[in-house]
Amino acid sequence: MDWGTELWDQFEVLERHTQWGLDLLDRYVKFVKERTEVEQAYAKQLRSLVKKYLPKRPAKDDPESKFSQQQSFVQILQEVNDFAGQRELVAENLSVRVCLELTKYSQEMKQERKMHFQEGRRAQQQLENGFKQLENSKRKFERDCREAEKAAQNAERLDQDINATKADVEKAKQQAHLRSHMAEESKNEYAAQLQRFNRDQAHFYFSQMPQIFDKLQDMDERRAIHLGAGYGLLSEAELEVVPIIAKCLEGMKVAAHAVDPKNDSQVLIELHKSGFARPGDVEFEDFSQPMNRAPSDSSLGTPSEGRPELRGPGRSRAKRWPFGKKNKTVVTEDFSHLPPEQQRKRLQQQLEERSRELQKEVDQREALKKMKDVYEKTPQMGDPASLEPQITETLGNIERLKLEVQKYEAWLAEAESRVLSNRGDSLSRHARPPDPPTSTPPDNSSSNSGSQDAKESSEEPPSEESQDTPIYTEFDEDFEEEATSPIGHCVAIYHFEGEDGQSGLGPVKAPSPWLRVKTSVLWKKTKGMAGPGSDGKREARDLCTLFLTPWLRLKPV
């Protein structure tokens with residue numbers, strides 16, 4: 001079934017229908033264009049979101065990038081960024097394959113439709129003109145027939161009139177004959193015009209307009225086919241990116257399963273393990289017999305008249321608790337501003353980097369030497385002298401890197417020994433159970449008990465609390481205080497000659513921690529008082545406070 005046969009008389013209907021089809025095509029193009037803008041805006045917002053949450057620092061400079069949780073999050077952000085790229089691809093495909101193509105095709109369809117309807121209107125106009133000519137010839141034939149009949153009646157009337165002259169009768173007959181001849185000619189013209197109009201009308205309704213309607217039908221069907229293909233491109237553009245989007249979603253799933261809490265805990269240990277030894281036990285200080293207690297046994301304050309100096313509000317003891325706010329430190333080349341374990345790791349990294357650079361320079365030197373040999377054997381390939389500057393520069397780089405490698409190896413050896421020292425000291429302190437306090441309740445009426453407590457107090461090693469107290473105030477201006485963490489503990493072995501020729505006590509534990517100051521070693525000596533049961537001999541206790549520079553190493557005992 002075609003429009004030319006079934007819709008031969010629906011010219012205006014076909015005109016409206018074809019216009020509606022082109023309008024629908026334009027509406028779909030507009031819809032796809034707006035859909036493209038939505039996809040582009042969506043992709044842009046996704047990329048902005050990813051950029052907002054991506055780490056600002058490079059991965060090698062960001063400690064958090066070592067955690068699997070952070071790595072998974074970054075992986076998810078990258079997958080979302082790839083997903084945004086696929087949305088941009090969808091927008092691009094829709095814009096090129098749908099909007100541009102259908103817009104171009106719509107313009108062609110409009111031109112074709114305009115041509116067909118112009119042709120139909122011309123044929124209709126020609127038919128109308130033929131009908132007008134037919135009407136004119138018909139009216140002329142009718143008018144000539146009436147005049148011929150009137151002339152014939154007038155001639156017959158004059159012929160019967162006895163008063164009419166012969167000339168009038170002849171004249172009336174001639175006029176009637178003329179009018180009859182004109183009517184015959186009009187009849188023939190009308191018949192010819194009618195025959196021509198009928199032929200044109202048949203051609204118009206049975207041939208010309210059906211052909212135009214069939215062309216319009218073909219045009220509309222082709223438009224519908226292209227529109228349907230455009231509908232299909234909308235889904236095809238989505239289906240083309242489905243595999244990539246599925247990979248993005250699978251990557252997100254893999255990133256979610258890649259979170260490893262145990263590994264993150266180990267990474268945290270590797271990143272922030274300081275290597276310091278744990279603080280020692282705070283030893284018991286017996287204040288029950290203040291008169292018999294040796295001065296400065298448990299305090300490093302300035303002694304006065306056999307009584308320990310009371311600590312003023314402005315002289316707080318050093319912090320033993322490590323979880324405090326750290327002061328800003330100055331970054332050093334040997335990373336001594338870092339805790340021992342972190343210093344060792346950073347030095348190891350620097351040593352590996354320098355070693356790789358050194359190997360690279362050595363390989364380059366060997367390559368230059370081989371090239372120089374080739375140039376010497378075959379001068380046409382190049383001038384050997386042109387390689388001398390590069391060889392000299394490479395040798396200089398090798399010497400510089402060797403010195404740096406030696407320097408970092410020395411620093412690394414010191415750092416490793418310091419870490420082992422702190423580890424051994426911490427293990428030994430942890431294995432040694434703390435001594436329980438053995439003091440008795442104070443009894444001022446018993447001199448023997450008081451002397452015994454004084455003797456025990458004088459023989460105790462310096463307490464851990466005394467390690468954290470400030471030294472004599474007269475040394476405050478002689479040393480610099482640096483906000484560094486403790487490096488470790490040590491035991492000083494020396495002998496002190498007491499008064500009256502008495503020998504010293506031997507090994508005494510030094511206070512912790514080591515400090516970095518200008519002076520190398522400062523010794524502080526404190527003599528205890530002789531008590532009952534000491535046979536009149538004076539006992540001496542030596543308390544050493546060590547201030548060591550970072551490159552001075554003592555072997556722990």
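Keep in mind that this is a model prediction, so the values were computed, not measured.

1. Thoughts on the overall build of the chain
Here is step 1 of the chain: Per the secondary structure count, the chain includes 9 helices and 4 strands.
Here is step 2 of the chain: Secondary structure of the chain in N-to-C order comes out as α-α-α-α-α-α-α-α-α-β-β-β-β.
Here is step 3 of the chain: Among the 557 residues that make up the chain, the fraction classed as buried is 34%.
Here is step 4 of the chain: Excluding contacts between residues fewer than 6 apart, the proportion of contacts in the chain whose partners are at least 24 apart in sequence is 82%.
Here is step 5 of the chain: For the chain, the exposed surface amounts to about 36000 Å²; the carbon and sulfur share of it is 54%.

2. Structural notes on the nonpolar core
Here is step 1 of the chain: Within the largest apolar cluster, 41 residues are counted, with the highest numbers of intra-cluster contacts made by Tyr28, Leu94, Val98, Met209, Phe213 and Leu216.
Here is step 2 of the chain: Those elements that provide at least two residues to this core are α2 (11–53), α3 (68–160) and α4 (166–257).
Here is step 3 of the chain: When residues of this core are assigned to their parent elements, the largest contribution, 16 residues, is made by α3.
Here is step 4 of the chain: If near-sequence neighbours (up to four positions away) are discounted, Leu94 is found in contact with Val32, Arg35, Thr36, Cys99, Leu233, Leu234 and Ala237.

3. A word on the packing of α3 against α4
Here is step 1 of the chain: At a closest axis distance of 6 Å, the pairing of α3 and α4 adopts a crossing angle of 175 degrees. On the basis of their axis angle, the class for α3 and α4 is roughly antiparallel.

4. Digging into the packing of aromatic side chains
Here is step 1 of the chain: Summed over the entire model, instances satisfying the criterion amount to 10 aromatic pairs.
Here is step 2 of the chain: Centre to centre, the rings of Tyr408 and Trp411 are 5.5 Å apart; their planes meet at 90 degrees, and the pair counts as edge-to-face. Taken as a pair, Tyr408 and Trp411 lie in helix α7 (residues 388–431) at a separation of 3 residues, close to a single helical turn. Summarising the burial analysis for this pair, Tyr408 and Trp411 share the class buried.

5. Focus: the environment of Thr394
Here is step 1 of the chain: Among the structural elements, Thr394 can be located in helix α7.
Here is step 2 of the chain: Linking Thr394 and Leu358, residues 36 residues apart in sequence, is a C-alpha distance of 9.8 Å.
Here is step 3 of the chain: In this structure Thr394 touches Glu361, Gln364, Arg365 and Leu368, once residues within four positions along its chain are discounted.
Here is step 4 of the chain: Within polar-contact distance, the side chain of Thr394 engages the backbone oxygen of Gln390 at 2.7 Å.

6. Some thoughts on the packing of α2 against α4
Here is step 1 of the chain: For the pair α2 and α4, the least separation of the axes is 11 Å and the interaxial angle reads 15 degrees. Relative to α4, α2 is oriented roughly parallel. The crossing of α2 and α4 is left-handed. Judged by residue contacts, Phe11, Leu14, His17, Thr18, Gly21, Leu22, Leu24, Leu25, Tyr28, Phe31, Arg35 and Glu39 of α2 engage Met209, Phe213, Met219, Asp220, Arg223, Leu227, Gly230, Tyr231, Leu234 and Glu238 from α4.

7. Focus: the pattern of salt bridges
Here is step 1 of the chain: The final tally for this structure, using the stated rule, is 23 salt bridges.
Here is step 2 of the chain: Arg354 is the partner of Glu353 in a salt bridge, and the nearest nitrogen-oxygen pair spans 3.9 Å.
Here is step 3 of the chain: Glu353 sits in the partly exposed class, given a relative accessible area of 33%.
Here is step 4 of the chain: Across the salt bridge formed by Lys372 and Glu388, the nearest N and O atoms sit 2.3 Å from each other. A residue pair is termed long-range when its members are at least 10 positions apart, and Lys372 in helix α6 (residues 340–377) and Glu388 in helix α7 qualify at 16 residues.
Here is step 5 of the chain: Several salt bridges converge on common partners, so that one network encompasses Arg35, Glu39, Arg87 and Glu238.

8. Some details on a nonpolar patch on the surface
Here is step 1 of the chain: A contiguous nonpolar patch, built from Trp8, Tyr205 and Phe206 and spanning about 380 Å² of accessible area, is present on the exposed surface.
Here is step 2 of the chain: Relative accessible area serves as the criterion here: at 43%, Trp8 is assigned to the partly exposed category.

9. Topic: the side chain of Arg223
Here is step 1 of the chain: Topologically, Arg223 is positioned in helix α4.
Here is step 2 of the chain: Classification of Arg223 as buried rests on a relative accessible area of 5%.
Here is step 3 of the chain: In this structure Arg223 touches Gly21, Leu22, Leu25, Tyr105 and Met109, once residues within four positions along its chain are discounted.

10. Considerations on the side chain of Gln208
Here is step 1 of the chain: Structurally, the position occupied by Gln208 is in helix α4.
Here is step 2 of the chain: With residues near it in sequence (within four places) discarded, Gln208 still touches Ala123 and His203.

11. Focus on the confidence of the model for the chain
Here is step 1 of the chain: The predicted model of the chain has a mean per-residue pLDDT of 74, with 68% of residues at 70 or higher.
Here is step 2 of the chain: Per-element averaging of pLDDT across the chain places strand β3 (residues 522–527) at the bottom with 38 and α2 at the top with 93.
Here is step 3 of the chain: Below a pLDDT of 50 lies the segment residues 436–486, which in the model reaches 103 contacts outside its immediate sequence neighbourhood of four places, other chains included.
Here is step 4 of the chain: Overall, residues 488–557 carries pLDDT values under 50, and its contacts beyond four positions in sequence, including any with other chains, amount to 138 contacts.

12. With respect to the environment of Val74
Here is step 1 of the chain: Following the sequence through the fold, Val74 ends up in helix α3.
Here is step 2 of the chain: Separated by 21 residues in the primary sequence, Val74 and Tyr53 have C-alpha atoms spaced 8.5 Å apart.
Here is step 3 of the chain: Once residues lying within four places of it in the same chain are set aside, the contact partners of Val74 are Leu54 and Pro55.

13. Side note on the environment of Gln217
Here is step 1 of the chain: Relative to the elements of secondary structure, Gln217 occurs in helix α4.
Here is step 2 of the chain: According to the relative accessible area criterion, Gln217 is buried, its value standing at 11%.
Here is step 3 of the chain: Taking the C-alpha atoms as reference points, Gln217 and Thr18, 199 residues apart in sequence, are found 8.6 Å from one another.

Conventions we followed
Numbering of residues starts from 1 in every chain and runs along the sequence as written. Confidence filtering applies because this is a predicted model: local features only for residues at pLDDT of at least 70, side-chain atom pairs given and counted only at 80 or more, and all residues used for totals across whole chains, interfaces and linings. To get the side-chain values, all heavy atoms of the structure are used, and hydrogens and water are removed first. Secondary structure elements are defined from DSSP: runs of H or I of at least 4 residues count as helices, runs of E of at least 2 residues count as strands, and each element is numbered from the N terminus. Residue burial is assigned from relative accessible area. The probe radius is 1.4 Å, only protein chains are included, and a residue is buried under 20% of its type maximum, exposed over 50%, and partly exposed in between. Here, two residues are considered to be in contact whenever any of their heavy atoms come within 4.5 Å of each other. Surface accessibility follows the Shrake-Rupley procedure with a 1.4 Å probe radius. Residue values consider only the protein chains on display as shielding. We call a set of buried residues a nonpolar core when its members are Ala, Val, Leu, Ile, Met, Phe, Trp, Tyr or Cys and they connect through side-chain atoms within 4.5 Å of each other. With axes taken as lines fitted to C-alpha atoms, and helix axes fitted only over the stretch in contact, angles between N-to-C directions fall between 0 and 180 degrees. Note on terminology: angles under 35 degrees are roughly parallel, angles over 145 are roughly antiparallel, angles of 65 to 115 are roughly perpendicular, and the others are oblique. Only Phe, Tyr and Trp rings take part, Trp by its six-membered ring, and two of them pair if their centres are within 6.5 Å. Stacked means planes under 30 degrees apart, edge-to-face means over 60, and tilted covers everything else. For this analysis, a polar contact is any N or O atom pair within 3.5 Å, provided that within protein one partner can donate a hydrogen and the other can accept it, and provided that sequence-adjacent residues contribute only side-chain to side-chain pairs. Whether a crossing is left-handed or right-handed is set by the direction in which the near helix is turned from the far one by less than a right angle, anticlockwise for left-handed and clockwise for right-handed. By convention in these notes, a salt bridge is any Lys or Arg side-chain nitrogen within 4 Å of a carboxyl oxygen on Asp or Glu. Note on patches: the residues involved have over 30% relative accessible area and no salt bridge, like charges join within 9 Å, and the nonpolar side chains Val, Leu, Ile, Met, Phe, Trp and Tyr join within 5 Å. Every residue gets a pLDDT, meaning the predictor's confidence in that residue, from 0 to 100.

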